[in-house]
Structure formats: structure tokens, C-alpha cells
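Given next are the chains, with one letter for each unit.
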Amino acid sequence: MTRVPDTSDVVIVGGGIIGTAAAYYLARGGIDVTLCEKGRVAGEQSSRNWGFVRQQGRDPAEIPTIIESLRLWNGLAGEIGEDVGFARAGSLYLASTERQLSRYEAWLEHARQYQLDTRLLSREEVRKALPGSSGEWIGGLHTPSDGRAEPALATPALARAARRQGAIIVEQCAVRGLDIQAGRVSGVVTEHGRIATSAVLCAGGAWSSLFCARHGIVLPQLKVRSSVFRTAPAPLVSETAIWSQDVAFRRRQDGGYTVAHGSATEVPIVPDTLRWARSFMPSYRDERSRLRLRLDSRFLTELRTPRRWRLDGPSPFEATRVNDPAPSQRILGEAARNLARLFPALAPVPVVESWAGLIDVTPDAVPVIAPVDALPGFHLATGFSGHGFGIGPAAGRLAAEMVSGAATSIDRAPFRLERFFN
């Protein structure tokens with residue numbers, strides 16, 4: 001039988017890269033921490049993402065955090081004694097239109113502010129960087145200091161490192177909700193019993209908004225679906241992670257490539273789409289060319305999901321242990337054809353596996369790493385909007401500092417929850 005401790009200084013809800021990194025840094029600091037994961041560690045987006053670890057193209061609010069995260073990634077394997085698949089091989093965004101190139105040029109102002117090694121490449125420099133490609137790109141944006149890592153390795157390795165530091169990590173253990181006494185957190189109720197605690201960190205990814213709703217906390221969050229495939233070992237096209245409008249890919253440790261469409265992301269239409277329509281409309285207008293709205297059975301599934309439930313009975317988190325959506329074969333087919341057309345050397349390489357993941361997004365695509373002022377003792381680290389893997393180590397450490405009351409190494413002001421309501 002699964003057992004949970006009676007008490008813990010901190011309880012973390014969610015075993016993705018943010019939650020496990022926070023557990024690792026809390027435990028390393030001598031704080032008694034318990035992480036509860038309703039399914040399995042890294043079962044959802046933390047093992048399903050592209051594996052990019054990039055500064056390039058980030059929202060300016062995230063740049064200090066990703067700079068620090070890259071520093072942590074660089075030494076993480078040596079620190080925890082386990083391979084995380086990290087390599088500093090750079091990233092390259094390709095431009096096929098003057099509009100794209102002008103957007104890259106505008107972003108360079110942010111890169112210069114932080115002394116990043118990002119620069120624009122000419123048409124000829126792109127050709128030299130990608131010999132054998134048939135793409136007619138007019139330029140690109142290149143950051144040599146960016147990296148990549150293996151999602152399937154990194155988060156489980158962090159979880160094991162946290163355990164070695166003394167953290168308790170319990171899988172197949174849903175947190176049904178918060179125990180609130182005198183207006184503040186006094187514990188959590190899990191499916192395996194209550195844990196007394198005065199500090200809770202919700203790092204539940206795509207489930208965070210529903211968890212918050214149970215307690216009347218408003219967290220604007222939607223989900224988008226990304227489809228990905230990986231190839232068998234393939235000829236080396238580039239060690240650098242590549243993004244273009246038609247296809248995005250990065251070299252894997254096993255010699256293959258992780259591949260996705262560069263500009264096709266599905267947006268399931270669900271009740272929350274209507275609930276948060278006003279908050280998300282500006283972002284939708286900006287990104288509508290790459291978003292594909294989809295109405296399917298998920299609408300009814302989420303419509304039937306209660307937003308309030310008793311803590312002494314099963315919760316929605318027990319009904320679905322792991323979000324495992326089917327990938328879009330249409331989008332993956334487009335990506336495969338684009339890959340073969342633009343990089344002919346990869347055309348004959350077989351696809352080994354395909355998958356999809358649900359990404360938690362906020363209205364401005366910037367995470368929330370903040371205490372909930374209306375409920376003392378409750379904290380959020382969620383809404384990473386597809387950027388969470390690369391930023392994970394530093395964001396997890398920042399969340400650990402926040403929850404423990406330590407001085408924070410990075411300014412949290414851009415990540416406050418209240419920005420959505422001011």
C-alpha cells in the first residue's frame with residue numbers, strides 16, 4: 001500500500017521537471033519535502049517536449065531565468081551523478097520571409113541587453129551552416145550557447161537526485177485538495193491520506209487551473225496539443241537545434257532526430273476556451289496563423305469534469321492519471337514531408353515513434369511563479385507555455401526559494417499571478 005508521511009515542511013503537487021527540480025533544491029537545502037504525483041514522474045509534458053534548451057526567442061521576462069538555467073544544465077550531470085543528455089550545440093531559427101527576419105532583428109535588442117551571443121545570419125551563412133538543405137531561407141537567428149537535453153532522462157534523474165537528498169516522492173498519489181484552517185493552508189488531502197504542512201507548491205502543469213478552481217482561485221490557463229515524432233539513427237544534418245516555419249528538429253543522443261511541425265499547434269476547444277476567451281484573445285490574434293482550433297470529444301470530457309469535489313472521495317486527478325492524447329497524424333505527415341523536402345538526407349530515415357502532449361499556457365505565454373496572496377501557504381509554479389523544460393532547473397530552484405522563504409536568486413516580479421487581473 002502506498003504511504004504518505006504524516007507531516008512535511010513542504011508538499012509539491014506534480015512530478016514534472018519544475019516540481020522535481022523544486023524538490024531537489026529544497027531537499028538539498030535541508031528542508032523536509034514531499035512530492036506527490038498522481039501518475040508517474042515526467043509522465044506528461046516533461047517527457048514529451050522537443051528537448052530544446054534555448055535562450056533564443058524567449059519572452060524578455062524569461063531571459064534571466066533561462067540564462068541561469070543554462071548554467072545549471074551545464075553542470076547538472078556532474079552534480080547529480082546522472083546523465084541528462086545535455087549538450088551545448090546552439091539553436092538556429094530560419095527565416096523565409098522579410099517579416100520573420102525583422103522579428104528576429106527586433107528580438108536582438110533583448111539579446112544585446114543580456115550580452116547573449118545571438119546574431120543574425122545571412123542567406124549565405126545559413127547555406128554554409130546547413131549544407132545539403134534545399135531550403136530557400138533568406139537568413140536566420142543563431143545562438144551558439146543554447147543547448148538541448150533528453151526529456152526522458154532529465155526529469156527522472158532529478159527525481160532520483162531529490163530522493164538521495166532526502167525528498168519523499170510518491171507516485172500514483174493524487175492530491176485531492178488543500179486542507180485550509182483559519183484562512184491558510186494547514187495540509188493537503190491525498191488519496192492515501194492527509195499530510196500536515198504549512199506550504200504547498202502547485203506544479204501541476206495542465207492540471208493546475210482545475211486544482212486551483214477547487215479552492216476558488218482564478219488561474220487563467222488553457223491547453224494546446226503538440227504532436228512530435230522521432231526517427232531512427234540518421235545522417236548528421238546539424239548538431240544545432242533547428243526551427244523553421246515548416247519543420248523543427250534537434251539531434252537526439254541516440255543518433256536520431258526529434259521532429260515536429262514548426263507552425264502547427266492544435267488548440268482543443270473546451271469550456272475553458274470560452275471561460276478565458278477574453279484573456280487569451282490578444283495572444284490568439286498574434287499567433288492565429290500557427291494555431292489550429294479543434295472541436296472533439298475533449299469538450300464533453302471537460303464539460304463533465306467537476307470543478308468542485310469532496311476531499312473524502314475520488315477526484316478528477318484519479319480518473320485520469322496521465323494525459324496521453326493521440327498525436328495528429330495529419331500534422332505529423334506535414335512535418336515528415338517538409339523534413340524530407342527541406343533536408344533530403346533525412347527523407348529515407350524511418351519514423352520510430354510518435355506522441356502528443358498537452359501544454360499548459362497562460363495568456364501572455366509566461367509562467368506563474370508566485371504565492372497566492374488570497375491563501376497564505378499556497379504557491380504556484382505553472383503555465384510554462386511550452387518553455388518549461390529548458391527553463392526547468394532555474395525555475396524549480398526559484399520556486400524552492402519562494403516556498404522556503406529564502407532570498408530569491410532571480411526577480412519574480414514578471415511571474416506574479418496578479419498581472420492577469422491588474
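The paragraphs below set out a description of the structure included in this document.

1. Notes on helix α12 (residues 388-404)
- The sharpest bend along α12 measures roughly 45° and falls at A394.
- Among the 17 residues of α12, 16 are classified as buried, and the element is accordingly described as predominantly covered.
- Directly after α12, the chain includes G405, whose backbone phi takes a positive value near 85°.

2. Digging into the packing of aromatic side chains
- On inspection of all chains with the given rule, the structure shows 14 aromatic pairs.
- A ring pair is formed by F211 and F317, whose centres lie 6.0 Å apart and whose planes are at 40°; its orientation type is tilted. In this pair, F211 is assigned in helix α6 (residues 208-213) and F317 in helix α10 (residues 316-319), connecting sequence segments 106 residues apart.
- With centroids separated by 5.4 Å and ring planes inclined at 85°, the aromatic side chains of F249 and Y257 adopt a geometry described as edge-to-face.
- On the basis of relative accessibility, which here comes to 0%, the residue F249 falls in the buried class.
- With relative accessibility at 1%, the residue Y257 sits in the buried group.
- An aromatic cluster of three or more residues is present, and its members are W207, F211, W309, F317 and F378.

3. Remarks on the nonpolar core
- By size, the foremost hydrophobic cluster in this structure holds 51 residues, and its most contacted members are I12, V33, V53, W73, V84, L201 and I369.
- Residue assignment for this core shows that the elements contributing at least two residues are β1 (10-13), α1 (17-28), β2 (33-36), α2 (63-80), α5 (151-164) and α12.
- Among residues more than four places away in sequence, those in contact with I369 are L380, A381, F384, A395, L398, A399, M402, R412 and F415.
- Core analysis: the next-biggest nonpolar cluster, separate from the first, contains 32 residues, I195, C202, L311 and L417 among them.

Rules used in this analysis
- Residues numbered from 1 in each chain as written.
- Predicted model: local features only at pLDDT ≥ 70, side-chain atom pairs only at ≥ 80, totals over all residues.
- Heavy atoms only, no water.
- Bend = angle between axes of the 7 residues up to and from the residue.
- Helix = DSSP H or I, 4+ residues; strand = E, 2+ residues; numbered from the N terminus.
- Buried < 20%, exposed > 50% of the residue type's maximum accessible area, 1.4 Å probe, protein only.
- Phe/Tyr/Trp six-rings, centres within 6.5 Å; stacked < 30°, edge-to-face > 60°.
- Core = buried A, V, L, I, M, F, W, Y, C linked by side-chain atoms within 4.5 Å.
- Contact = heavy atoms within 4.5 Å.

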